[in-house]
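# Observations on the model geometry
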Amino acid sequence: MAISFIGSAEASAANGATTTVTLPLGMTQDDLILVAYAIGDNDSVDFVMTMTTAGYTKVVDIRADDTQDVDMGVFWKIMGATTETTAMCGGLGGADAAVAAVVMVFRGVDTGTPMDVSPTTAIASGSSSPNPPSIDHGNPSGVWTVIAGASGHTLAGAGTYTFPTGYTTNAIDRGQDDTSDVTVGIGYNIAPADPEDPAVMTHSGANSTTFAWCAATMALRPAVAATGQPAMARMSGTQFCRPALGRMN
């Protein structure tokens, strides 16, 4: 079964508040919800990223430290029979921390093992432009790769990313302004190389030696279409006509 993109959503909050994302319409059972959310802070605290909404599996929890710190978590969930409408990201950080979240929903991903291999991660200081690392996936037919990146900075909440080649379609980002600011973004590639090494997510703001970024690269494993026992062809009784023989006189 081929993977397809269903929709995306975003939300943010100041003061380290819980962030609630209204999920995109059109979701059905077995769709994959992928959430990336980030916190921009300046307290040098390594937050344990959490989802308030139950049932999410955490696959990334990383932090880059500088004067302006950034923590990023990535979580996934397979939609059940009852369609959910929101995803709540845990409120962490103090009154000076910014929180932002982005969501993408995919169909046709393996519901048992949506991540083909473990995500790869990278962090750095002195820049606000994340560089997602290379990933060596298992190369199943139809694999998609997804990149997520986050930046801690003081560029206010209007900062955006220019996504690398192969990841621009439907890419989404979100910023939030506070004493410490944050930007987070996510994009996908429908025809990645193996290994796949995405280029930089270039931030719209000027770099500073006091900024930091986090990044992750993931590979989504496509679901295998269920195949039943091949139908047995029935042999119908075929009539063979024998030509009439001439009579002997």
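Residues numbered from 1 in each chain as written. Predicted model: local features only at pLDDT ≥ 70, side-chain atom pairs only at ≥ 80, totals over all residues. Heavy atoms only, no water.

### Focus: the pattern of salt bridges
Between side chains of opposite charge, a pair can form as their charged atoms come close. With the rule as written, the count across this model stands at seven salt bridges. Between Asp31 and Arg107 there is a salt bridge whose closest N-O contact spans 2.8 Å. Taken as a pair, Asp31 in the loop between β2 (19-22) and β3 (32-41) and Arg107 in strand β7 (residues 98-107) lie far apart in primary sequence, 76 residues in all. A salt bridge links Arg221 to Asp116; its shortest N-O distance comes to 2.9 Å. (Salt bridge = Lys/Arg side-chain N within 4 Å of Asp/Glu carboxyl O. Helix = DSSP H or I, 4+ residues; strand = E, 2+ residues; numbered from the N terminus.)

### Focus on the side chain of Asp69
Of note, Asp69 is situated in strand β5 (residues 69-78). There is a polar contact of 3.1 Å between the side chain of Asp69 and the backbone nitrogen of Asp66. (Polar contact = N/O pair within 3.5 Å; in protein donor to acceptor, adjacent residues only side chain to side chain.)

### Here's the deal with the packing of aromatic side chains
Aromatic ring pairs are defined here through the distance separating the ring centres and the angle between the ring planes. Scanning all chains against the criterion turns up seven aromatic pairs. Between Trp144 and Tyr188 the ring centres are 5.0 Å apart and the planes differ by 15 degrees, which places this aromatic pair in the stacked class. Of this pair, Trp144 sits in strand β9 (residues 144-153) while Tyr188 sits in strand β12 (residues 181-189), and the two are 44 residues apart along the sequence. Like Trp144, the residue Tyr188 is buried in the burial classification. Judged by centre distance (6.2 Å) and plane angle (85 degrees), the ring pair of Tyr161 and Phe163 falls under edge-to-face. By the burial criterion, Tyr161 is buried, and Phe163 matches it. The structure contains a cluster of three or more aromatic residues connected by ring pairs, namely Phe5, Phe106, Trp144 and Tyr188. (Phe/Tyr/Trp six-rings, centres within 6.5 Å; stacked < 30°, edge-to-face > 60°. Buried < 20%, exposed > 50% of the residue type's maximum accessible area, 1.4 Å probe, protein only.)

### Overview of the sheet that holds strand β4 (residues 57-64)
Sheet architecture is open: five strands sit in the order β1-β7-β3-β5-β4, paired in antiparallel fashion. Among the strands making up the open sheet, the edge pair consists of β1 (4-13) and β4. This sheet shows a mean twist of 10 degrees between the axes of neighbouring strands, independent of strand direction. As paired strands, β3 and β7 are joined by nine bridges and run antiparallel to one another. Across the sheet, Ile39 pairs through a bridge with Val99, a residue of β7. (Pairing = 2+ DSSP bridges. Axes fitted to C-alpha atoms, helices over the stretch in contact; angles between N-to-C directions.)

### Here's the deal with the confidence of the model for the protein chain
When pLDDT is averaged along the protein chain, the result is 91; 90% of the residues meet or exceed 70. Low pLDDT, under 50, characterises residues 228-249; the predicted model gives this stretch zero contacts beyond four residues in sequence or across chains. (pLDDT = per-residue confidence, 0-100. Contact = heavy atoms within 4.5 Å.)

### As for the pairing of strand β11 (residues 172-176)
Burial runs high along β11: four of the five residues are buried. Direction of pairing for β11 relative to β12: antiparallel, over a ladder of five bridges. The residue of β12 that forms the bridge with Gly175 is Thr183. Between the end of β11 and the start of β12, which pair antiparallel, lie four residues.

### Re unusual backbone geometry
Residue Pro195 is reached from Asp194 by a cis peptide bond, and omega for that bond is 0 degrees. Mapped onto the fold, Pro195 is located in the loop between β12 and β13 (202-203). Its identity as a non-glycine residue notwithstanding, Asn139 has a phi of 60 degrees, on the positive side. Tracing the backbone shows Asn139 in the loop between β8 (120-125) and β9. Judged by relative accessible area, Asn139 falls into the partly exposed class, the value being 48%.

### Focus on the sheet that holds strand β14 (residues 212-220)
Backbone-to-backbone hydrogen bonds join strands into a sheet, with any given pair of strands oriented parallel or antiparallel. Spatial strand order, β8-β14-β9-β12-β11: five strands in an open sheet with antiparallel pairing. What marks the edges here is a single partner per strand, and that holds for β8 and β11. The sheet shows a mean angle of 10 degrees between the axes of neighbouring strands, direction not considered. Across nine bridges, the pairing between β9 and β12 is antiparallel. Each bridged residue has a counterpart across the sheet, and for His153 the counterpart in β12 is Asp181.

### Comments concerning the side chain of Asn189
Mapping Asn189 onto the fold places it in strand β12. Asn189 gets classed as buried once you look at its relative accessible area, which sits at 8%. A distance of 3.4 Å separates the side chain of Asn189 from the side chain of Glu196, its partner in a polar contact. Residues contacting Asn189, with those up to four places away along its chain left out, are Trp144, Thr145, Gly166, Tyr167 and Glu196.

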